[in-house]
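In case you want the letters, here they are:
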Amino acid sequence: MANPSILILAGDGIGPEVMAEVKKIIAWFGQKRAITFDVAEDLVGGCAYDKFGTPLHDDTMARAQAADCVLLGAVGGPKYDKLDFSVKPERGLLRLRKEMDLYANLRPAQCFDALADFSSLKKDVVAGLDIMIVRELTSGVYFGEPRGIFTEGNERVGINTQRYTESEIARVARSAFELARRRRNKVCSMEKANVMESGILWREVVQEVHDKEYNDVELSHMYADAGAMQLTRWPKQFDVIVTDNLFGDLLSDLAAMLTGSLGMLPSASLGAPMKNGRPKALYEPVHGSAPDIAGQGKANPIACILSFAMALRYSFDMGADATRVEQAVEKVLAQGLRTADLMGPEGGKPVSTGQMGDAIIAALDASL
Ligand code: NAD
């Protein structure tokens, strides 16, 4: 059987720095676990614009479509801020998401015990937290027509349209139920069925998919505003939350920040299964290219490393190895290792990007 393939698009700013640590882990799997990934690398974002005059070359797009998954670092930087909108670095990422039709955005919010003090919430509220927000990513109010700013009488009116088809709701609901089965078997669906027709349809379709295909999974429904309150009151009541594009945008940021630093947050965007049964998939840290610290060895590589762990779990069915990587991260944090972004008010000496990566490799060695 062919080796699993990964296309690495490290991108700009700290992207290549954090990705260098992921490459060490990929090499570790080859050397210590005899699991070889076929890794190819290409350009996305500003660096692709510099070379090709476009943030994503057609050949790169074709390689992304053909790979088992894409691993992305980050794109953008002040050098590209004045570029025309059509060639801005972010357009490369948006093209990838659109053409791969990545409709389910997975944003875990997991609190490592060693970092529980970092949260703005009380330690006992967040310690041990492990929830997953599944946000619909390719439809809803960010895409619905009509949209625009129009003139009505003697004033302007801004219009966006919340629009969901049954099939769009059903496919993201299935993603959430599938995930729940690999976790604690609970899904909470959030919408505003009390005031929005699209919310009524959302609730009905999620319930139908549940009753027909996933009635072994516990399903509940909550209005999204109440969900926001519950997420800050007692987030540990949730396992998987599934919600639309707009509410997911807000709720996933809220949930993620329960756990502390941007440098810790991974994400996955999944689409329909390919011929080999693996979903189309792009894994990336939530953070951007951090131009303020780029090139200084200060970046925290953990978000990118945890994104690779998600690839192991969701693209390659290597759940035990994903857990092995996550536990290695947990171990180095428990040992007190911190990159600069994780330094508390008590201070101390931060480790560099490379030192953090090396410590995680040492923890992986110890796990064998
Ligand atoms: P950012 O996430 O790059 O940085 C915000 C702050 O968090 C900065 O102070 C940065 O130093 C810090 N930070 C981020 N990641 C870190 C890490 N791994 N380790 C330590 N500190 C980290 O967001 P921004 O400053 O708003 O944007 C910078 C550039 O990145 C812009 O060009 C923006 O368009 C782009 N961006 C790209 C993505 C992406 O590629 N998905 C996402 C967001 C922003």
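Just so it is clear, the structure is predicted and the values come from calculations on it, not from any experiment. (Residues numbered from 1 in each chain as written. Predicted model: local features only at pLDDT ≥ 70, side-chain atom pairs only at ≥ 80, totals over all residues. Heavy atoms only, no water.)

Q: Talk me through the overall build of the protein chain; I want residue IDs and the actual numbers.
A: Scanning the protein chain from terminus to terminus reveals 12 helices and 12 strands. In terms of overall dimensions, the protein chain is globule-like: its C-alpha atoms have a radius of gyration of 21 Å, near the 21 Å expected for 368 residues. In terms of its C-alpha atoms, the protein chain occupies a principal-axis envelope of roughly 60 × 50 × 50 Å. For the protein chain, with 368 residues in total, the buried portion stands at 52%. Here the contacts in the protein chain between residues at least 6 apart in sequence split such that 74% fall between residues at least 24 apart. Summed over all atoms, the accessible surface of the protein chain reaches about 16,400 Å², with 52% contributed by carbon and sulfur. Of the side chains in the protein chain, 41 bear a positive and 49 a negative charge, and the two mean positions are spaced by 3 Å. (Helix = DSSP H or I, 4+ residues; strand = E, 2+ residues; numbered from the N terminus. Rg over C-alpha atoms; globule rule 2.2 N^0.38 Å. Buried < 20%, exposed > 50% of the residue type's maximum accessible area, 1.4 Å probe, protein only. Contact = heavy atoms within 4.5 Å. Areas by Shrake-Rupley, 256 points an atom, 1.4 Å probe, with all protein chains shown as cover. Lys, Arg positive; Asp, Glu negative; His and termini not counted. Charge placed at Lys NZ, Arg CZ, Asp CG, Glu CD.)

Q: Give a detailed account of the side chain of arginine 313, specifying residues and quantitative values.
A: Among the structural elements, arginine 313 can be located in helix 10 (residues 302-314). Judged by relative accessible area, which is 18%, arginine 313 ranks as buried. Here the side chain of arginine 313 touches threonine 323 through a polar contact of 3.2 Å, side chain to side chain. Not counting residues within four places of it along the chain, the set of residues in contact with arginine 313 comprises Arg182, Met318, Gly319, Ala322, Thr323 and Glu326. (Polar contact = N/O pair within 3.5 Å; in protein donor to acceptor, adjacent residues only side chain to side chain.)

Q: Lay out the pattern of salt bridges with the relevant residues and their values.
A: Counted by the stated rule, this structure contains 25 salt bridges. We note a salt bridge from aspartate 101 to arginine 171, for which the minimum N-O separation is 3.3 Å. Linking aspartate 101 in the loop between helix 4 (89-99) and strand 4 (104-110) with arginine 171 in helix 6 (residues 166-182), this pair joins segments that are 70 residues apart in sequence. Note on aspartate 101: relative accessible area 34%, which makes it partly exposed. A relative accessible area of 23% places arginine 171 in the partly exposed class. We note a salt bridge from arginine 181 to aspartate 216, for which the minimum N-O separation is 2.8 Å. Taken as a pair, arginine 181 in helix 6 and aspartate 216 in the loop between helix 7 (197-213) and strand 9 (218-223) lie far apart in primary sequence, 35 residues in all. By relative accessible area, arginine 181 is classed as partly exposed at 38%. (Salt bridge = Lys/Arg side-chain N within 4 Å of Asp/Glu carboxyl O.)

Q: Talk me through the nonpolar core; I want residue IDs and the actual numbers.
A: Formed by 73 residues in total, the largest nonpolar core has its most connected members in Phe29, Phe37, Leu106, Val134, Tyr283 and Phe308. The element that contributes the greatest number of residues to this core is helix 10, accounting for 10 residues. Built from parts of two domains, this core gets at least three residues from each of domain 1 (1-108 + 265-368) and domain 2 (130-258). If we skip the residues at most four places from it in the chain, valine 134 touches Ala104, Asn105, Leu106, Val172, Ala176, Leu179, Val240, Ile241, Val242 and Thr243. Counting 18 residues, the second largest nonpolar core, distinct from the first, contains Val126, Ile241, Leu251 and Leu258. (Core = buried A, V, L, I, M, F, W, Y, C linked by side-chain atoms within 4.5 Å. Domains from an automatic or database assignment.)

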